[in-house]
Amino acid sequence: MKTSENIDQIGLCLSKVIGEVTDARKEQQGYGYTYADLHQVLQIIRPVLSKNQVGMLQFPETICEDGVEKVEVITRLMYKDQWMESSLKMPISSNGKTSGEQDVGKTIS
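What counts and how
Residues numbered from 1 in each chain as written. Predicted model: local features only at pLDDT ≥ 70, side-chain atom pairs only at ≥ 80, totals over all residues. Heavy atoms only, no water. Phe/Tyr/Trp six-rings, centres within 6.5 Å; stacked < 30°, edge-to-face > 60°. Helix = DSSP H or I, 4+ residues; strand = E, 2+ residues; numbered from the N terminus. Expected span 1.5 Å × (residues − 1). Buried < 20%, exposed > 50% of the residue type's maximum accessible area, 1.4 Å probe, protein only. Arc of directions from axis to C-beta. Contact = heavy atoms within 4.5 Å. Lys, Arg positive; Asp, Glu negative; His and termini not counted. Salt bridge = Lys/Arg side-chain N within 4 Å of Asp/Glu carboxyl O. Polar contact = N/O pair within 3.5 Å; in protein donor to acceptor, adjacent residues only side chain to side chain.

K.L.:
Tell me what's going on with the packing of aromatic side chains, and back it up with residues and numbers.
P.N.:
A ring pair, where both rings are aromatic, is described by two values, the distance of the centres and the angle of the planes. This model, assessed by the stated rule, comprises 1 aromatic pair. Ring centres of Tyr33 and Tyr35 lie 6.0 Å apart, and the angle between their planes is 45 degrees; this geometry places the pair in the tilted category.

Encoded structure:
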């Protein structure tokens, strides 16, 4: 994780957000499991973040690391001049039947 030099204000603000967020209902069916879909999660979190003046950005980047094409999704939370950022890297999954763009989208999903 990366952060701004100080995180005291954003830390306090995020503790308020955590106290207000409710659990998403697991209503979607997967392969032997249930899950909450992204739309429902965003409907819960967006108003709470907005109320507490926390901005959230997510952006993907394609990278080549050790000869392997990967997608890195970076998530940044911001409050005033403070921020916290984390990322997740995954190899681009391909089945040979879809385009490169579709493979990137599938990996991000």
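K.L.:
Summarise helix H1 (residues 8-20); cite the residues concerned and give the values.
P.N.:
Here H1 contains 13 residues, and its C-alpha end-to-end distance of 19 Å stays within 8% of the 18 Å for a straight helix at 1.5 Å per residue. Where H1 is concerned, the buried positions are Ile10, Cys13, Leu14 and Val17. Each buried residue of H1 lies within a common arc of 100 degrees when the element is viewed along its axis, so the set occupies one face. Residues of H1 that are exposed and point more than 90 degrees away from the buried face comprise Asp8, Leu12, Ile18 and Gly19. Buried positions along H1 lie against helix H2 (38-51), strand E5 (68-79) and strand E6 (82-91).

K.L.:
Go over the side chain of Glu72, please, and point to the residues and values.
P.N.:
Along the chain, Glu72 falls in strand E5. Summary of buried charges: Glu72 has no salt-bridge partner, and the nearest side chain of opposite charge, Lys89, is 4.6 Å away. Within the structure, Glu72 has its side chain in polar contact with the side chain of Ser87 (distance 2.9 Å). When neighbours within four sequence positions are excluded, Glu72 is seen to be in contact with Phe59, Pro60, Glu61, Ile63, Ser87, Leu88 and Lys89.

K.L.:
Can you explain the pattern of salt bridges? Please cite residues and give values.
P.N.:
Considering all chains together, one arrives at 6 salt bridges under this definition. Glu27 is paired through a salt bridge with Arg25; the nearest N and O atoms lie 2.7 Å apart. The exposure class of Glu27 is partly exposed, given its relative accessible area of 48%. Between Lys106 and Asp103 there is a salt bridge, with the nearest N and O atoms lying 3.9 Å from each other. Taken together, the residues Lys106 and Asp103, both in helix H3 (residues 100-108) and 3 residues apart, mark about one turn of the helix. The partly exposed category is assigned to Lys106, whose relative accessible area is 36%.

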